[in-house]
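# Structure at a glance
One-letter residues, chain by chain:
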Amino acid sequence: FSPSRFSISRPFCQSPVLASTTDKPTETTAEPSLAVPFQAARDASVAKIQAVLSQSKYAALETPLVHFMDEYFHSLSQAAESGATNPDGSEITASQAANEMLRTIQFGMKYGLGEKKYTFENVRHKALRGTNHGEKDERYDDESFVKMLGDDVTTDFYAAGCDFFRPSMDLNNSLILGVDNLEKALNQIRKGENVVFLANHQSEADPQVVSCLFEKAGKEYGDLAAHITYVAGHKVTTDPLAIPFSMGRNLLCIHSKKHIDSDPETKPAKSKQNMAAMNEMLQGLKDGGMAIWVAPSGGRDRRIVSSGKIPIATFDQKTVDMFRLMGNKSRKPTHFYPMAMVSYDLCPPPDFVEAGVGEKRNVRFTPVGIKVMDEVPNVGGAEKRHLFTHSAEFECIKGYEELLVGLGMHKYLP
Ligand SMILES: O=P(O)(O)OC[C@H](O)CO
């Protein structure tokens, strides 16, 4: 790795330019044809949702939800047409699309809207896996908690999130690379050491992409994916549709640097929450055996609208420094692995960057990719800090570009 070369020319001349807030949102036009059973299931599901919404105060949600439904039914219709199957070998069906969609919307309405919406009260949230899941979870002993969940007391929200997004991933043509590094990371975690994956971030479904691709690599890696704690910005914990997916994940809830200044009045409270999250993380790292996924850019990569290229967003050095500092303070060996991710097409983010929630959801049946790069040695003092961040980002870009080539997505190469 040569820092001087890096500063002059990033691989493939990557430009750090992000789409500006004036760019139009990503438009993905629905395919003209939908297979007959999927069309029927889509129409019936839309009618059900319209009936519910018309009798509620959320009538304004009809347009974005119908768009989301159209996207999802098209995605699964295409999956079925391509011959993709579920993990048990069964076909992807129209009734599966309807069940997944209606359940997700029902969760969104129950946990994401209104006075009873689910609030992530603790900065460290533990995945809600339901009462049928093996591990003891004391929250399910609390009567009010059980009452709040109602019929969903047995719901494994982790599995539900994976089941929703998995059929939209063309897993036969997806790539999971760097499994040797994943194996090293797994062994380090098993020894009680900590691992931090420094990733680029492309879609809201990235935690599910990690799960499905790690599962593809092997059961032990699938189990690791369920164990990972994701560093989550405010959208992940406050957007009505994102909330149910987030309930199924281990999270550290923070306010990313990208959005913390959007409302000066609430900045002190947000900074306080970030401090609390860092303390919780430090405790977890001290306990050891922790696996963390963080996007040091503070958000998703955006396409360059004029060229259609998708560069990864620049890693924020202070964020990386903070994770290294916490690792050092924990006094447990803490290992850093850059993780390259290709998942943009699965749920393309809007081209504009904004702090608000409730964005328009697009979903596509597409291959996805992950490459776990070599560990970046956690050495060097204050004067070398930038070299560590550059090295991690450089590796991530290398892996990303290798994935794009391997997946035949040359058009996105920056
Ligand atoms: O700031 P954004 O729009 O890139 O959103 C980042 C969130 O983590 C969404 O997953």
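So, here is what we can say about the structure in this document. Predicted model only: the values in this text are computed from it and were never measured.

Before going further, it helps to examine the overall build of the protein. Helix and strand counts for the protein stand at 14 helices and eight strands. A separation threshold of at least 6 residues defines the contact pool for the protein, and within that pool the share at least 24 residues apart is 79%. Just so you have it, the protein exposes about 18,400 Å², and 54% of that area is on carbon and sulfur atoms. For the protein, the separation between the mean place of its 47 positive charges and that of its 52 negative charges on side chains is 5 Å.

Judged by nonpolar contacts, the single largest core of 77 residues is most densely connected at Phe-197, Val-210, Phe-214, Trp-293 and Ile-370. When neighbours within four sequence positions are excluded, Ile-370 is seen to be in contact with Leu-175, Ile-176, Leu-177, Val-209, Val-210, Leu-213, Phe-214, Met-339, Ala-340, Met-341 and Leu-403. Counting residues in each nonpolar core, the second largest holds 36 residues, with Leu-285, Met-290, Val-342 and Tyr-412 among its members.

On to helix H4 (residues 94-112). Across its 19 residues, H4 extends 26 Å between first and last C-alpha, which sits within 8% of the 27 Å expected from 1.5 Å per residue. Downstream of H4 by a residue or two, Gly-114 has a phi angle that is positive, lying close to 80°.

Moving on, we get to the packing of aromatic side chains. Here the structure, examined in full by the defined rule, presents 15 aromatic pairs. Every member of this aromatic cluster is reached through a ring pair, and the members are Phe-68, Tyr-72, Phe-164, Phe-165 and Phe-245. Note that Arg-324 overlies the ring of Phe-388, its terminal NZ or CZ placed 4.1 Å from the centroid.

Rules used in this analysis
Residues numbered from 1 in each chain as written. Predicted model: local features only at pLDDT ≥ 70, side-chain atom pairs only at ≥ 80, totals over all residues. Heavy atoms only, no water. Helix = DSSP H or I, 4+ residues; strand = E, 2+ residues; numbered from the N terminus. Contact = heavy atoms within 4.5 Å. Areas by Shrake-Rupley, 256 points an atom, 1.4 Å probe, with all protein chains shown as cover. Lys, Arg positive; Asp, Glu negative; His and termini not counted. Charge placed at Lys NZ, Arg CZ, Asp CG, Glu CD. Core = buried A, V, L, I, M, F, W, Y, C linked by side-chain atoms within 4.5 Å. Buried < 20%, exposed > 50% of the residue type's maximum accessible area, 1.4 Å probe, protein only. Expected span 1.5 Å × (residues − 1). Phe/Tyr/Trp six-rings, centres within 6.5 Å; stacked < 30°, edge-to-face > 60°. Lys NZ or Arg CZ within 6 Å of the ring centre and 35° of its normal.

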